[in-house]
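Topology and contacts: notes
If you want the building blocks of each chain, they are given just below.
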Amino acid sequence: MHAAPLRPSLSAWRSRWAAIATFLIASSQCVAPASAQFSFASAAGKTAPARIATPHVEAELVAHAPQGVEPGATLWAGLRIAHQPEWHTYWKNAGDSGLPTTLSWTLPAGLSAGAIDWPVPRKIPIGTLANYGYEGTVLLPVPFTVAADFQPPAGAATVTLQLHAEWLVCRKECIPEQADLALVLPVRGSTAGFGAEFEAARAARPADVPGRAQATVDGDRLAVSAAALPAALRGRPLELLPETPNIVVTAATPEQGWQGDAWTARVPLDPHRSDAPATLPMVLVATGADGARTGWRIEADLQGAWPATAAPAAVSPALEAALQANAAGATAAAPTALPPQLAPLGTWLAALAAALLGGLLLNLMPCVFPVLAVKVIGFARHGADRRAHRAAGLAYTAGVVLSFVLLGAVVLGLRAAGAQLGWGFQLQSPAVVAAMAALFTLLGLNLAGVFEFGMWAPRGLAGTALRHPVADAFLSGVLAVAIASPCTAPFMGASLGLALGLPVAQALPLFAVLGLGMALPYLAASWLPAVARLLPRPGAWMDVFRRAMAFPMFATVAWLTWVLGQQSGIDGAGTLLALLVALAAVVWSLTLRGRTRVGAALLSVAALVGVVGAWGHNLVRYAPAAAAVAQAGERWESWSPARVAALQAEGRPVFVDFTAAWCVTCQVNKRGTLARDDVLAAFDGKRVALLRADWTRQDPAVSTALRALGRSGVPVYLLQAPGRPPVVLTELLGADEVKAAVAAL
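What counts and how
Residues numbered from 1 in each chain as written. Predicted model: local features only at pLDDT ≥ 70, side-chain atom pairs only at ≥ 80, totals over all residues. Heavy atoms only, no water. Helix = DSSP H or I, 4+ residues; strand = E, 2+ residues; numbered from the N terminus. Contact = heavy atoms within 4.5 Å. Buried < 20%, exposed > 50% of the residue type's maximum accessible area, 1.4 Å probe, protein only. Arc of directions from axis to C-beta. Axes fitted to C-alpha atoms, helices over the stretch in contact; angles between N-to-C directions. Parallel < 35°, antiparallel > 145°, perpendicular 65-115°, else oblique. Left-handed = near helix turned anticlockwise from the far one by under 90°. Nonpolar A, V, L, I, M, F, W, Y, C, P; charged D, E, K, R; others polar. Core = buried A, V, L, I, M, F, W, Y, C linked by side-chain atoms within 4.5 Å.

Right, let's get into the side chain of threonine 89. Residue placement: threonine 89 occurs in strand S5 (residues 89-95). Those residues in contact with threonine 89 that lie beyond four places of it in its chain are Ile81, His83, Thr101, Tyr132, Gly133, Tyr134, Trp167, Leu168 and Val169.

Okay, structure coming up:
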């Protein structure tokens, strides 16, 4: 029994399904990003709540207006934060790390808010560092002045205070949180339910000392002398809390004593100090036998001059930009960018060369392997026909180049419209991942010999592909780009990052040259007679090879199912598997004959429709985002700009792995290099914090960080040490490269 002819099946399936590949290249679905922070905001047209709860704190907007809202009066409102055990938020000077709580008010006309009347904080040691903040329950009160001519809006009996609050809550890890809160106050009624807490907060604030202290820089120490303190403090040790950050070493214990009625202290200067203030406000705290803390606020005038300041520790532009995007809620549109500027000719030519080399190396990436079946069989099919080889090579190259240009045009257009997209963006959509899995399932079934497209198509249509092998080669190029889209090769990331910031006239040629580089090996081989002589003659081996090449297609389906599971959870992956089984049943039923074919086809199509109708929604939605904080004992933490800022404030280097589940190169590096014991030991030796920025889903903060690094896709590996410029490693990550970069810290 002879094997079925190979030419019709290959020609037909390329003609049919490369059109679907073209659609996949140009399509994507923009989804709302999963925020890395807890955010509570009211929906349009609804009043915000007065109280919210997160896993770490309960935050409530409270007020104290016992006489109502009377013209010329002063009333109080504030944010009451109840922390979970071991969690804390920060004072106006957060210390060595952290961020102070901020309150932004929206008030009716005639009311004005003052500054937070900060209670005395506690020093919170963290290893060799220290922060200033609050644990347990704290009330941050704010005074409000009512204008003498205040009138309630439109004669209303109430006024509404609206508050947008942001705070950083930390234990060993830090979570940025925010909330929109609102509180309705009666104009003529009394609001006094939290009167006792406002009185306690007023008592906890530091008392102002009428006199002034003196401060002098003595070498690497700051000497302070205060003579106007209450007599009851004489002889008692005091704690010094500067309101200005980064002036003294927060964790240091001052050398202190009393000289008559003057308290003196010497405290080490912060070696990273960047400010030189003439006045130093500070709080001096005394602790009673019962543990009660009482504070006095005094301002010290600097005598003499500050020594030269050190340059402030640098934060990479990428992380700074991402931090700003995150602070803006990470959901609003990005700030209006400047119009793209033409790159210098030398820079552009260098980028073209890098794009050509990156396209060549793209053929070595693991995600391009399935297309080798098309290339090898295409060569063998033409045998010694040199003219056919050359025509096919040119057509394949045209398909690859035009597909890259189309993909580049789509990305540039969407980014110009404000979307935060990059290379491989279409695989951030679960629906596109599911469609690609279905496409590769059909290709695998066809290669395995389960069905032939010619069985269903009219004779004339089925023979069209036979008469036009050049069209087949062109569509093979389209399919190759669809398969290659999840990969990024060396030299490719920098070129794509530059392309996305250039005008269209300079950007699209970069995409075209990238495609030319990918097609160049096939194009060169098609024009070299020696290649054709090396290939075996067409024969039965081609059918065996074709069926063997079905398994890389099925392996790709397994990988895409795993990717979808990362995006849509176990329900999404299960739905996709059920859909693929039903799809395979439909294909099988259409290979039958007679009445059996009709009955089986109806049943299988009904099953396919049932799967889509019952569970199809799992393929177009994201599963709830995983927690952004690593549990104790885990080596890798989820990346966030706030976490990077906190770690760098502690003086720790940071290694960031910008990755995605759909990026095959990322997974190879993750398991082949970053999981090696010697690499992890190198990280531990330098106390490098390991963060993973997951771009599997669309995330504006990650997109902004990548763009600021000059990259448009993953993988990207960033090593950032405080006070040093960031180091971006290569896409094909090697253990020696990582260890050398870490050793240089």
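Still to come is the rest of the account.
Okay, helix H20 (residues 735-743) next. Buried residues of H20: Ala735, Val738, Ala741 and Val742, and no others. Down the axis of H20, the smallest arc covering the buried residues is 135 degrees, so these residues share one side. Exposed side of H20, more than 90 degrees from the buried face: Asp736 and Ala743 are the residues found there. Buried residues belonging to H20 abut helix H18 (677-685), strand S24 (716-720) and strand S25 (727-729).

As a packed pair, helix H7 (residues 430-447) and helix H14 (residues 550-589) sit with axes 5 Å apart at the nearest point and diverge in direction by 25 degrees. For the element pair H7 / H14, the angle class is roughly parallel. When you trace H7 past H14, the crossing you get is right-handed. Here the residues of the contact of H7 with H14 are counted per class, giving 23 nonpolar, five polar and no charged.

The N-to-C vectors of helix H4 (residues 345-362) and helix H11 (residues 504-526) enclose an angle of 35 degrees; their axes lie 7 Å apart at closest approach. Considering only the axes of H4 and H11, their crossing is right-handed. Here Trp348, Ala351, Leu352, Ala355, Leu356, Gly358, Gly359, Leu360 and Leu362 of H4 come into contact with H11, specifically with Gln506, Pro509, Leu510, Val513, Leu514, Leu516, Gly517, Met518, Leu520 and Pro521. Here the residues of the contact of H4 with H11 sort into 15 nonpolar, four polar and no charged.

Further remarks concern the nonpolar core. Of all hydrophobic cores here, the largest spans 42 residues; its most connected members are Val69, Leu79, Leu103, Trp105 and Trp167. Sorting the residues of this core by element identifies strand S3 (57-64), strand S4 (74-83), strand S6 (102-106), strand S9 (129-134), strand S10 (137-146), strand S11 (158-170), strand S12 (174-186) and strand S19 (279-287) as the ones contributing at least two each. Considering every element that reaches this core, the biggest residue donor is S11, with six residues. Listed in part, the 33 residues of the second largest apolar core include Ala434, Ala437, Ala438 and Leu583.

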